[in-house]
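# Tertiary structure, described
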Amino acid sequence: MSAMLDAIVAGGGPAGAAIGTLLAGQGRSVMLFEKTAAAQDKMCGEFFSEEGARYLAALGVDLRALGAVTIDRVRLAARDVLAECALPFPGLSLPRRIVDECLLQRASASGVAVVRGTSVEQLTGEPGEWCARLSDSTEQRSKDAFVATGKYDLRGRKRNGGSQNDLVAFKMYFRLTAEQEQHLRGWVELILFPGGYAGLQLVGGGCANLSLLLTKSELKRCAAEWSRVLTHAITSSAHLASRLAGATQLRSKPITLSAIPYGYRRTATEDAPWYLGDQGAVMPSFTGDGMSIALHSAFLAADAYQRGVTAHAYQTMLARQLKHPVQFATTLSRCMVSMPALAQALRLYPGAMAWIASCTRVPSHFVKIGDSHRTSPYPSFHRCAGDI
Ligand SMILES: Cc1cc2nc3c(=O)[nH]c(=O)nc-3n(C[C@H](O)[C@H](O)[C@H](O)COP(=O)(O)OP(=O)(O)OC[C@H]3O[C@@H](n4cnc5c(N)ncnc54)[C@H](O)[C@@H]3O)c2cc1C
């Protein structure tokens, strides 16, 4: 048995790397386990919202310095209808393999023992004494445990389905023609087609990210083949067809993900570990806010931890803060799949897209970076008043 640490973190995505860095900054002994041994592409549209970029900057990760491109306009395409408007906030775009590596390097530099290529297989115990069983057949004990495994559930800690759980995701990088790249520069495009929708944007280096969601029933009709899925999207959307005309696929096969529990928010239970990021709540991806939420959950949890607030109280607070944006976005996501005619309404009122973008993210009054010691979001949850 190894020595007792203050905290173990399962997962080294945005949520895990951020909580590790923040806890190490509080002087805690932290060990983080990340199952991938090296940087790799991840399922993501790679749009960083303004809050996400601010949280990253607070962790010492400067997206622009890493080569991010600016996205400040949104275009919705459905059948022959296009609706366009400026985003209410400028976003940034950069491949996750760059950002996630940079975050893990920051965690390591702040004192986190980052263990790559090792999975947490199972987590047992209770607050005060947790035991993580690892893929290398060893165990690690800690006083607290933070679960940030994103899309993958730990054994015996499965999330329930979410309120929209029939979508399957595909991600492919393309090199567009120079003309199409020019048309896409500065835009994030949402493309609606029967049984699904896709996001398309440049991510730097002349590379465009197409992240596509399709219902399981539509996927069956496409015989679960990527080439047929892409053909289905292209034949249903003249806009996507022109974007991808003459484009080259940059991966031999797409990254895929099934069983995404959109709309999920974890209910707090006693004696549970701290759940962050997609393990705490799953925002439909068209909002481009999942990473902000992951980072927000880490800052909220680190603040709670420092104040002596329980994991239960943190989880309740996170679920409360995200209730309206996640519910609203999931309702919209369902409409986008079932009512592609939605674009007609948005063409008449394109400004509604800016309003939708504002309503489907962490409310700005909850985003507290650097001043969290002044006001507590946990007025009624303190274990002891002396911690405030
Ligand atoms: C199709 C699609 C498009 C999206 N587009 C966007 C977008 O444009 N912008 C945006 O902000 N969000 C987007 N999201 C959401 C975003 O990807 C997630 O919300 C975000 O990655 C959550 O961060 P996380 O740290 O919780 O999990 P992750 O980023 O999934 O990181 C989890 C990490 O844990 C590791 N891991 C998993 N299991 C274990 C284990 N047992 N032991 C150790 N390590 C483990 C994984 O290797 C991974 O590195 C999209 C999601 C989908 C599905």
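In what follows, the structure referred to is the one given above.
For the structure given in this document, a descriptive report is provided here. (Residues numbered from 1 in each chain as written. Predicted model: local features only at pLDDT ≥ 70, side-chain atom pairs only at ≥ 80, totals over all residues. Heavy atoms only, no water.)

## As for empty space enclosed by the protein
- One pass over the structure, following the stated rule, counts two cavities of 30 Å³ or more.
- Empty space within the largest cavity amounts to approximately 50 Å³.
- What lines the largest cavity is simply Gly12, Glu34, Thr36, Ala38, Ala39, Gln40, Lys42, Arg97, Asp100, Glu101, Leu104 and Arg116.
- Considering each element in turn, the lining of the largest cavity owes the most residues, four residues, to helix 3 (residues 96–109).
- When its residues are assigned to classes, the lining of the largest cavity shows three nonpolar, three polar and six charged.
- Empty space within the second largest cavity amounts to approximately 40 Å³.
- Along its surface, the second largest cavity is lined by Arg266, Thr267, Ala268, Thr269, Ala272, Pro273, Tyr275, Ala311, His312 and Gln315.
- A total of three residues in the lining of the second largest cavity trace back to one element, the largest contributor, which is helix 9 (residues 311–338). (1 Å grid on protein atoms, 1.4 Å probe; cavity = no way out; pocket = protein on both sides within 12 Å on 5 of 7 lines; lining within 4 Å. Points joined across faces, edges and corners; volume = space filled by probe spheres on them. Helix = DSSP H or I, 4+ residues; strand = E, 2+ residues; numbered from the N terminus. Nonpolar A, V, L, I, M, F, W, Y, C, P; charged D, E, K, R; others polar.)

## Here we look at the nonpolar core
- Residues Ile19, Leu63, Phe146, Trp274 and Leu276 are the most contacted members of the largest nonpolar core, which totals 88 residues.
- Apart from the residues within four sequence positions on either side, phenylalanine 146 is in contact with Ala7, Ile8, Val9, Ala10, Ile19, Leu23, Trp274, Leu276 and Tyr305.
- If you look at the next biggest cluster of nonpolar residues, it comprises 25 residues, including Ile191, Phe193, Leu210 and Leu244. (Core = buried A, V, L, I, M, F, W, Y, C linked by side-chain atoms within 4.5 Å. Buried < 20%, exposed > 50% of the residue type's maximum accessible area, 1.4 Å probe, protein only. Contact = heavy atoms within 4.5 Å.)

## Concerning the packing of helix 2 (residues 50–58) against helix 8 (residues 290–307)
- Their axes nearest at 8 Å, the elements helix 2 and helix 8 cross at an angle of 45°. Looking at the two axes, helix 2 sits oblique to helix 8. Handedness of the helix 2/helix 8 crossing: left-handed. Contacts from Glu51, Gly52, Tyr55, Leu56 and Ala58 in helix 2 reach Ser292, Leu295, His296 and Phe299 in helix 8.
- Tallied by class, the residues present in the contact of helix 2 with helix 8 amount to five nonpolar, three polar and one charged. (Axes fitted to C-alpha atoms, helices over the stretch in contact; angles between N-to-C directions. Parallel < 35°, antiparallel > 145°, perpendicular 65-115°, else oblique. Left-handed = near helix turned anticlockwise from the far one by under 90°.)

## Here's the deal with the site of the ligand
- Residues in close proximity to the ligand total 35 residues, the closest being Glu34, Lys42, Gly45, Arg96 and Asp278.
- Between an oxygen atom of the ligand and a main-chain N or O atom of alanine 15, the distance comes to 2.9 Å.
- A distance of 2.9 Å separates a nitrogen atom of the ligand from a polar backbone atom of valine 120.
- Considered on its own, the ligand offers 1000 Å² of accessible surface; in the complex 95% of this is hidden by protein.
- Only helix 1 (14–25), strand 2 (30–34) and helix 8 provide two or more residues apiece to the shell around the ligand.
- If you tally residues by element for the shell around the ligand, the top one is helix 8, at three residues.
- Tallied by class, the residues present in the shell around the ligand amount to 14 nonpolar, 13 polar and eight charged. (Near = heavy atom within 4 Å. Polar contact = N/O pair within 3.5 Å; in protein donor to acceptor, adjacent residues only side chain to side chain. Areas by Shrake-Rupley, 256 points an atom, 1.4 Å probe, with all protein chains shown as cover.)

## Details of the pattern of salt bridges
- In this structure the tally under the stated criterion is 20 salt bridges.
- Close ionic contact of arginine 97 with aspartate 41 constitutes a salt bridge, the shortest N to O distance being 2.3 Å. Taken as a pair, arginine 97 in helix 3 and aspartate 41 in the loop between strand 2 and strand 3 (47–48) lie far apart in primary sequence, 56 residues in all.
- Classification of arginine 97 by relative accessible area gives partly exposed; the value is 34%.
- With a shortest N-O distance of 2.8 Å, glutamate 189 and arginine 243 are connected by a salt bridge. Taken as a pair, glutamate 189 in strand 11 (residues 187–193) and arginine 243 in helix 7 (residues 238–244) lie far apart in primary sequence, 54 residues in all. With respect to burial, glutamate 189 and arginine 243 carry one shared label: buried.
- Shared partners join several salt bridges into a network, and the residues in it are Arg75, Glu84, Glu189 and Arg243. (Salt bridge = Lys/Arg side-chain N within 4 Å of Asp/Glu carboxyl O.)

## Observations regarding the packing of aromatic side chains
- Tallied over the full model, the rule gives nine aromatic pairs.
- Taking the centre distance of 5.2 Å and the plane angle of 20° together, the rings of phenylalanine 146 and tryptophan 274 count as stacked. Of this pair, phenylalanine 146 sits in strand 9 (residues 139–147) while tryptophan 274 sits in strand 16 (residues 274–275), and the two are 128 residues apart along the sequence.
- Judged by relative accessible area, which is 3%, tryptophan 274 ranks as buried.
- With a centroid separation of 5.5 Å and 25° between ring planes, the pair formed by phenylalanine 170 and tryptophan 226 is classed as stacked. Residue phenylalanine 170 is located in strand 10 (residues 167–175), and its partner tryptophan 226 is located in helix 6 (residues 226–236); the two are separated by 56 residues in the primary sequence.
- On the basis of relative accessible area, tryptophan 226 is assigned to the buried category, the value being 12%.
- Between lysine 35 and the ring centre of tyrosine 152, over which it is positioned, the NZ or CZ distance is 3.9 Å.
- The ring of tyrosine 275 has arginine 266 sitting right over it, with the charged end atom 3.4 Å from the ring centre. (Phe/Tyr/Trp six-rings, centres within 6.5 Å; stacked < 30°, edge-to-face > 60°. Lys NZ or Arg CZ within 6 Å of the ring centre and 35° of its normal.)

## Re the environment of serine 119
- Following the sequence through the fold, serine 119 ends up in the loop between strand 6 (113–116) and strand 7 (120–126).
- The spatial distance from the C-alpha of serine 119 to the C-alpha of threonine 36 is 8.2 Å, given a sequence separation of 83 residues.
- The residues contacting serine 119, other than those within four sequence positions of it, are Lys35, Arg133, Leu134 and Ser135.

## Regarding unusual backbone geometry
- The backbone of serine 137 sits at a positive phi, close to 70°, despite the residue not being glycine.
- With respect to the helices, strands and loops of the structure, serine 137 is situated in the loop between strand 8 (129–134) and strand 9.
- According to the relative accessible area criterion, serine 137 is exposed, its value standing at 69%.
- The phi dihedral of alanine 224 falls on the positive side, at around 55°, and the residue is not glycine.
- You can see alanine 224 is positioned in the loop between helix 5 (216–221) and helix 6.

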